[in-house]
Amino acid sequence: NFVRRLTVSLLPVLLSLNVNALSDSNASASSNRVAYTLDPNHSYVLWHVNHFGFSHPSGKWLANGTIQYDAKQPAKSSVAVTINVADIVTGIPALDKHLQTDTFFDVAKYPTATFVSDNIKVTGKQSADVMGQLTIHGVTKPITLHMTLN
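Residues numbered from 1 in each chain as written. Predicted model: local features only at pLDDT ≥ 70, side-chain atom pairs only at ≥ 80, totals over all residues. Heavy atoms only, no water.

> Before we move on, could you go through the overall build of the protein chain and cite the residues and values that matter?
When helices and strands are counted, the protein chain shows 2 helices and 9 strands. Traced from its N-terminal end to its C-terminal end, the protein chain shows the element sequence α-β-β-β-β-β-β-α-β-β-β. Residues classed as buried in the protein chain amount to 33% of the 150 residues present. In the protein chain, 44% of the contacts between residues at least 6 apart in sequence involve partners at least 24 apart. (Helix = DSSP H or I, 4+ residues; strand = E, 2+ residues; numbered from the N terminus. Buried < 20%, exposed > 50% of the residue type's maximum accessible area, 1.4 Å probe, protein only. Contact = heavy atoms within 4.5 Å.)

Set out below in structure tokens:
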């Protein structure tokens, strides 16, 4: 099934989540957590697929969500992202329409995908593994994102 294979191949795709976030609030005196809202006009998931070894089409999905970031204790941070699968952009309008059909993403039934973190492990001074659940096309799978903290 193409969608199942694509779901598996999307695991590293979220590594390309381009995030531009706006701070919603300053950290309070009792907490170091700062809430950020992803700017849906500038935050997206960039993906690439191997098309039978002949080409490597790419596309992007706009995304929105929140990041709760604790600079002093990054392991206490969290991420929740909604990916607008229905808004796929490949640069080829006919391909966009084809990928939206029930042959691929079935955006009429599954217009969004989600990622919600459930654990964060700091792996270095500026790196962390963010474990969570990715749901796409009605299928939820655990994934780990390797993140850079900056």
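> Describe the side chain of Asp 70, with residues and values.
Here Asp 70 is to be found in strand S5 (residues 58-70). Lacking a salt bridge, the buried Asp 70 has Arg 33 as its closest oppositely charged neighbour, with an N-O distance of 5.4 Å. Separated by 2.9 Å, the side chain of Asp 70 and the backbone nitrogen of Gln 73 make a polar contact. When near neighbours in sequence (up to four residues on either side) are disregarded, Asp 70 contacts Asn 32, Arg 33, Lys 76 and Ser 77. (Lys, Arg positive; Asp, Glu negative; His and termini not counted. Salt bridge = Lys/Arg side-chain N within 4 Å of Asp/Glu carboxyl O. Polar contact = N/O pair within 3.5 Å; in protein donor to acceptor, adjacent residues only side chain to side chain.)

> Run through the nonpolar core, naming residues and quoting values.
Grouped together as the largest cluster of nonpolar side chains are 25 residues, with contacts concentrated most on Trp 61, Ile 83, Val 85 and Phe 105. Secondary-structure elements contributing two or more residues to this core are strand S4 (44-48), S5, strand S6 (78-83), strand S7 (113-124), strand S8 (127-136) and strand S9 (139-148). No other element matches the 4 residues that S8 contributes to this core. (Core = buried A, V, L, I, M, F, W, Y, C linked by side-chain atoms within 4.5 Å.)

> Give a detailed account of the packing of aromatic side chains, specifying residues and quantitative values.
For any pair of aromatic rings, geometry is given as the distance between the ring centres together with the angle between the planes. Scanning the entire structure with this criterion turns up 2 aromatic pairs. Considering the side-chain rings of Trp 47 and Trp 61, the 5.8 Å spacing of their centres and the 40° angle between planes classify their relative orientation as tilted. Placement of the pair is Trp 47 in strand S4 and Trp 61 in strand S5, with a sequence separation of 14 residues. Note on accessibility: Trp 47 and Trp 61 belong to one class, buried. Residues Trp 61 and Phe 105 carry aromatic rings whose centres are separated by 5.4 Å and whose planes lie at 85° to one another, so their mutual orientation is edge-to-face. Of this pair, Trp 61 sits in strand S5 while Phe 105 is found in the loop between helix H2 (93-100) and S7, placing the two residues 44 residues apart along the sequence. Assessed through its relative accessible area of 4%, Phe 105 is described here as buried. Positioned over the ring face of Tyr 44 is Lys 60, at 4.5 Å from the centre of the ring. (Phe/Tyr/Trp six-rings, centres within 6.5 Å; stacked < 30°, edge-to-face > 60°. Lys NZ or Arg CZ within 6 Å of the ring centre and 35° of its normal.)

> Can you break down the side chain of Asn 84 residue by residue, with the values?
With respect to the helices and strands, the residue Asn 84 is situated in the loop between S6 and H2. According to the relative accessible area criterion, Asn 84 is buried, its value standing at 17%. Once residues lying within four places of it in the same chain are set aside, the contact partners of Asn 84 are Trp 61, Leu 62, Ala 63, Asn 64, Pro 111 and Thr 112.

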